[in-house]
Amino acid sequence: MIDLFNYHRRESSVVHVGNITIGGDSPIRIQSMTTTDTNDTEACVEQAERIIQAGGELVRLTTQGRREAENLKNIHAALRAKGHHTPLVADVHFNANVADVAAEYTEKVRINPGNYVDPARKFIQIAYTDEEYAQELKKIEDRFVPFLNICKANHTAIRIGVNHGSLSDRIRNRYGDTPEGIVESCMEFLRICKKEQFEDVVISIKSSNTIVMVQSVRLLVDAMDKEDMHYPLHLGVTEAGEGEDGRIKSAVGIGALLADGIGDTIRVSLSEEPECEIPVAKHIVNYITKRAGHLLIPAEQNKNFSYLHPTRRKTRAVGNIGGNNKPIVIASNEGVKADYIYTGPKVPANRQNHKYIVDYSKYHSEKHTYPIFPAMAMPFIGSMRSDIKFLVLQYGTPVEEYVACLKAHPEVVVVCVSNHQNRLGEQRALLHEIMNNGVDNPVVIAQMYRHDEKNAFQLDAAVDMGALMVDGFVDGIWLMNDGQLPHSVLEETAFNILQAGRLRMSKTEYISCPGCGRTLYDLQDTIAQIKDATKEMKGLKIGIMGCIVNGPGEMADADYGYVGAGPGKVSLYRKQTCVKKNIPTEEAVEQLLKLIHDDQKKENS
């Protein structure tokens, strides 16, 4: 059972993958995937070496056909000849026969339940009777068991890797496009593994939507516990993108689960060179695991809180904070887009375009200015006139005192802070304590760091906010840093984290895959072109996919999609609907922009 307040790793079974183990007491393993053509032995070996030298503990390669699967033997031999014994993982989609071949030449094979036996997705409505559905499950078992036998004979581990974007039509029709459907897609295969006593199984559930990804994994862990399964988990946010947006999005999703002790191996999927993923993954793992052995947080979970089906905490609105309002952003000293700017003891002379928060001792009821109180100043809250007030609270503040204050002053917004080794656990503890006492004031989550390096700051902040956003506890975010970073970085990071958590859109989002041997165009260059051409478009989600494996499925979460359709060809999507097929790549970006602009003209006409 997950302890919401105290960090410890989930207990899982041990899986043997070549010369390493995953799960149990093993460290959280880091991995990446090559982007080269798996038929090109030299290119794959060179890229695999870069991943290994960066610290990758497993290397995955795409195997879309039998020819690629056969060449894994040569890649494997070449790496071993160079003294590398890092396990290789074959990534298989659509063709179960390829998985059989790959199992002979690699230490692990990843299969996707959405397309291992089920036919290719057409996103059509089919009503299955219970008998017909059972027959489909029998087809899976008949095909899957021989594969397991090959794996047993070759001591090959497997990963059951469910992608939200590639759920089968059968699952979608029975369970809908839901976390429950994602979980069942996985459980169908795990039940066969358990029945066949095949233990070397790792599981993953991925989505480009961080909330769907986290909720699905939480549900999967619960479903496995109920059926006495304890397989280790691989974590990742698929199609996370590139640059700081991809890093923040990955840290939000992966961090939300690792912080609860869930996860035994991770991959940060970035649309960049694969070795660039390794330092990001290492940082996330190191930041989380430092929480081990922290001082106990003796909190009590609210009886109405659902970890498996969380909803936003119900609060009364205070101005534009809480209630049904989107979460706000508070910035310190400087801000361009922030909803509130904290200026400490200084009251700004020009208050026309912003709302300011000032220390209560310097507050004089100026327009667009609001006081903030430390916990020890609670007695002064009633003596000051303001329609919005802020109160800084930390778990451990005398409950009777602050509860009486908040109930007497509905105009107060709580600013939740922590300096605990496990700040997530302590901030959760305060939120649950507030709910247990029937308090409905909104809560802004404030995080303080000491960083001089931008990437470390962004990753830590995204990790710390992930689970709190999924839990429904965030009415606002305030990031502070005692270091050399510009205030603009703090403000922009806060907005990016809220967008990664699907709480507030502030710019165009790019859902782009990391690329692999299936990608048949210059992915990184194309992403750069599309981002440059659409950077002024607010609130759009654009998917940029190397191939059709997850492309159409992930288009459900994107407004528009750019999907590789073949050598030199691209298809364009509006949501999940293909609207233009097989466009030459040299024309595709221009055609995508025309599609977006034409739609916008229709909306505005």
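Let us look at the structure shown here. Along each chain, residues carry numbers from 1 onward, in the same order as the chain's sequence is written. The model is predicted, so local features are restricted to residues of pLDDT at least 70 and side-chain atom pairs to those at 80 or more, both for listing and for counting; the totals for chains, interfaces and linings are taken over all residues. Heavy atoms from the whole structure form the basis of all side-chain values; hydrogens and water molecules are not counted.

By definition, the strands of a sheet pair up through backbone hydrogen bonds, in either a parallel or an antiparallel sense. Any two strands between which DSSP finds at least two bridges are classified as paired. Every helix listed is a DSSP run of H or I at least four residues long, and every strand listed is a run of E at least two residues long, numbered separately from the N terminus. Taken in spatial order, the 8 strands of this closed barrel run S3-S4-S5-S6-S7-S8-S9-S10, and their pairing is parallel. Summarising the sheet, strand S9 (residues 233–235) and strand S10 (residues 265–266) pair through 2 bridges and their orientation is parallel. Counted as the bridge partner of His234 is Thr265 from S10. Note on definitions: a residue-residue contact is assigned when non-hydrogen atoms from the two residues lie within 4.5 Å. Angles shown run from 0 to 180 degrees and are taken between the N-to-C directions of axes, each axis being a line fitted to C-alpha atoms and, for helices, limited to the stretch in contact. Packed on one face of the sheet, helix H1 (residues 41–54) meets strand S3 (29–33) and strand S4 (58–62) and runs near 150 degrees to S4. The sheet contacts of helix H2 (residues 66–81) involve S4 and strand S5 (88–92), and relative to S5 the element is tilted by about 165 degrees.

The next point concerns the environment of Phe380. Inspection of the secondary structure assignment puts Phe380 in the loop between strand S14 (369–373) and strand S15 (389–393). When a residue's accessible area, from a 1.4 Å probe over protein chains only, is under 20% of the maximum for its type it is buried; when over 50% it is exposed; and in between it is partly exposed. Residue classification places Phe380 among the partly exposed residues on the basis of a relative accessible area of 42%. Residues Phe380 and Tyr340, spaced 40 residues apart in sequence, show a C-alpha to C-alpha distance of 22 Å. When neighbours within four sequence positions are excluded, Phe380 is seen to be in contact with Tyr360 and Phe373.

We now examine unusual backbone geometry. In this model, His155 sits at a positive phi of 55 degrees, which is unusual for a non-glycine residue. Mapped onto the secondary structure, His155 falls in the loop between helix H4 (130–154) and strand S7 (157–163). A positive phi angle, close to 65 degrees, is found at Ser365, a residue other than glycine. Here Ser365 lies in the loop between strand S13 (356–359) and S14. Accessibility expressed as a relative area gives 46% for Ser365, which makes it partly exposed.

Read around the closed barrel, 8 strands run S11-S12-S13-S14-S15-S16-S17-S18, paired in parallel fashion. When the angles between neighbouring strand axes are averaged without regard to direction, this sheet yields 25 degrees. Sheet topology places S14 next to S15; 2 bridges connect them, and they run parallel. By the bridge assignment for S15, Phe373 is matched with Leu391. Contacting strand S17 (443–449) and strand S18 (476–481), helix H12 (residues 454–471) runs over the sheet at an angle of about 150 degrees to S17. The sheet contacts of helix H13 (residues 487–500) involve strand S11 (328–332) and S18, and relative to S18 the element is tilted by about 145 degrees.

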